[in-house]
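# Results of the structural survey
So the chains spell out like this:
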Amino acid sequence: MTPVPITDVALLVPELILVGMALALLLVASRIREAGVATAGTVLAAALAAVLTIWLMPQSSKSGFSEMITIDGYSQFFKVLIASALGLTALLSVKRVDVKFVRPAEYHALLLLAAAGMMFAVSSLDLMTLYLGLELTTLCSYVLVGITVDKPDSNEAAIKYFLLGSFASALFLYGMALIYGATGTTDFKAIALILSQSSLGSDPLFVAGAGLLAAGLAFKIAAVPFHAWAPDAYEGAQAPVAAFLATASKAAGLAAVGRVCWAIFKTPTNGLQFDKLPPEVSMLLVGLAALSIIVGSIVALAQTNMKRLLAYSSIAHAGYALLGFIAGTDAGAEATMTYAYFYVFMTLGTFGVIITLEDRGETLDGYQGLTVERPKTAALMLLFLLSLTGIPPTAGFVAKFVVILNVVREGYYVLATLAVACSVITAFVYLRVAVLMYMKEPVAASADPEDALSSRLPLAVSAALAMTALITVVGGIFPGILTSWAVAP
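Thresholds applied
Residues numbered from 1 in each chain as written. Predicted model: local features only at pLDDT ≥ 70, side-chain atom pairs only at ≥ 80, totals over all residues. Heavy atoms only, no water. Helix = DSSP H or I, 4+ residues; strand = E, 2+ residues; numbered from the N terminus. Buried < 20%, exposed > 50% of the residue type's maximum accessible area, 1.4 Å probe, protein only. Core = buried A, V, L, I, M, F, W, Y, C linked by side-chain atoms within 4.5 Å. Contact = heavy atoms within 4.5 Å. Polar contact = N/O pair within 3.5 Å; in protein donor to acceptor, adjacent residues only side chain to side chain. Axes fitted to C-alpha atoms, helices over the stretch in contact; angles between N-to-C directions. Left-handed = near helix turned anticlockwise from the far one by under 90°. Nonpolar A, V, L, I, M, F, W, Y, C, P; charged D, E, K, R; others polar.

### Structural notes on unusual backbone geometry
With omega at 10 degrees, the peptide bond leading from V224 into P225 counts as cis. Examined against the element boundaries, P225 turns out to sit in the loop between helix 9 (204-220) and helix 10 (229-236). Residue P393 is reached from P392 by a cis peptide bond, and omega for that bond is 0 degrees. Counting through the fold element by element, P393 comes out in the loop between helix 16 (375-389) and helix 17 (395-409). For F65, which is not glycine, the phi torsion reads 55 degrees and is therefore positive. Structurally, F65 is set in the loop between strand 1 (62-64) and strand 2 (69-71). We note that S66 has phi near 55 degrees; this positive angle belongs to a residue other than glycine. Following the sequence through the fold, S66 ends up in the loop between strand 1 and strand 2. You can call S66 exposed: its relative accessible area is 69%.

Dropping the structure here:
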C-alpha cells in the first residue's frame, strides 16, 4: 500500500482542524454543561481554519490524493466563507442552546463536522470525494434539525428532511454510477477529456447520469423543483441551525455546482478552458434559476412564519446566485462568488435578529411595533431586510447587480427582466416586515419597554450581529472589495 505523502495531507489542514475540535468536544462531552466552552472551541477552530486557509494559499493550484483534491483560489474563497459562517453560527447559538437545553458539545461537534464536509466538497476534483463531502454535511444536518428531541415540530422536520435527502443522495449516486458506466472514471478531468474527444454528450447513459447528478446538486442548494425540504426543515429546526443550512450549506452547494460545470464542461483536451458552457448545460441552469426565483419570490408572499419566509427567500436567492453560472464565463463565476459571500452575511444577520427576539421573532406579528420596544434591533433588521431586497447602499444591491449585469451582457434579456420583476415582488415580502416594525403600534402583551429589554443579549450574539451588519454595509459602500479575491474555478 502506497503511503499518503505528507504534502497531500497538508492540503486538508483546515478540515483536519475542524474534525479534531469535533472529536475533542465529543471526548469531553459529559463534562461540558455550559454552551460557552463548546462555543469558544468552535469559534477558535473556525478562526484557525480560516487563517490557515489564507496563509497556506498557494501561488498556483495544487492537487493531491491522486488528483482527487485541489487547493486553488476558488476553493480557498469558499473555505474561508464556510469557516466564517461556522464561527458566526456558533456565536448566534449561545443563547438558543442554553434556553432550549440542547447538549452543547454534541451540537457544536455536528456543526464542525458539517463544515468540514463542506470544505472537503468545495476542494473535490472527483465525484467520489464530492459525494463524501456533501454526505458528511447532510448527515450532520439531519441530526442538527432534529436535535431538540422534545420538540415535535423538530422531529417531524428532521424525518422529512432525512427522507427527501436520502432520495436526493440516491439520485446523486445513481448519476455517478451512470457516468462511470459511460466514461469508466469519476475524475472530473478524465471525464472532461473523454467528453471532448467523443460524442459522449449524445450518449443517453451519460446524459441520464448528468441529469441525475444535477438533481442531486440542485437539492443541496434548494433549487426548484428540489426545494420542498427547505421550508419544513427551517421551520422545525432551531434558528441557528436554519441559519447554518441557509448560508454555509448553500454556499458549499453553489461551489460544487461551479466546480462541476467548469472542471467537466469547460476543459477540452489541451487543458485550457472553453469560453462558455455548452448550450445544454446553460439551459439547464436557466431553468433551475428561473423556477427558483419565481417560486421563491411568489410563495414567500403567503408566509407568516419568519423561518419559512426566509426559507423561500433562500430558494429565490439560490436562483439569483445561479445567474452567474449560466453563461459559463469566468466573470459570471466571480459574480456568483460575490453573491454567495454577501448573501451569507446578510442572511446570518437576519436570523440573528430572529434569535435575539426568541419565540416572538419567529412569527410575522411579533415584529409589530418593534421599534418602540427595541429600536436598535429594529434598525438592524431593517438593514438586513433592505440588503435582502437589493436596495442600495447595501451589499445585497451589489450582489444582485453583478449577477443580473452578467446575464444582460450575455444576452439573456428575458431572464434579466424576470429577475428584476421578482425583485419587486420580494421587496413587498421584506418591506412588509419593516412596515410592521415602524408603522404599527406594539401589541398589548409586549408594550412595556422595560419587559422587552429586561434580558440583555449575550456578548457573543451581539458580536455576531455587529460583524454581519458591518459586512452588509461595507459591501454596499465598497462594491469592489472582493474583486481580487473571487477567482473562477
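We are not done yet, so read on.
### Points about the nonpolar core
In terms of nonpolar packing, the biggest core is built from 165 residues, with F78, L323 and Y367 touching the most fellow members. Top contributing element to this core by residue count: helix 11 (residues 239-265), with 20 residues. Sequence-distant contacts of Y367, that is, excluding residues within four places in its chain, are made with M306, V353, I354, L357, G361, M381, V433, L436 and M437.

### Considerations on the environment of S313
Inspection of the secondary structure assignment puts S313 in helix 13 (residues 306-322). On the accessibility criterion, S313 (5% relative accessible area) is buried. Expressed as a C-alpha distance, the spacing of S313 and I179, which sit 134 residues apart in the sequence, is 33 Å. Here the side chain of S313 touches Y430 through a polar contact of 2.4 Å, side chain to side chain.

### Here's the deal with the packing of helix 14 (residues 330-357) against helix 20 (residues 459-477)
At a closest axis distance of 9 Å, the pairing of helix 14 and helix 20 adopts a crossing angle of 140 degrees. Seen from above, helix 14 lies across helix 20 with left-handed handedness. Where helix 14 approaches helix 20, its residues Y341, F342, F345, M346, L348, G349, G352, V353 and T356 are matched on the opposing element by V461, L465, T468, I471, T472 and G475. Looking at side-chain class alone, the contact of helix 14 with helix 20 contains nine nonpolar, six polar and no charged residues.

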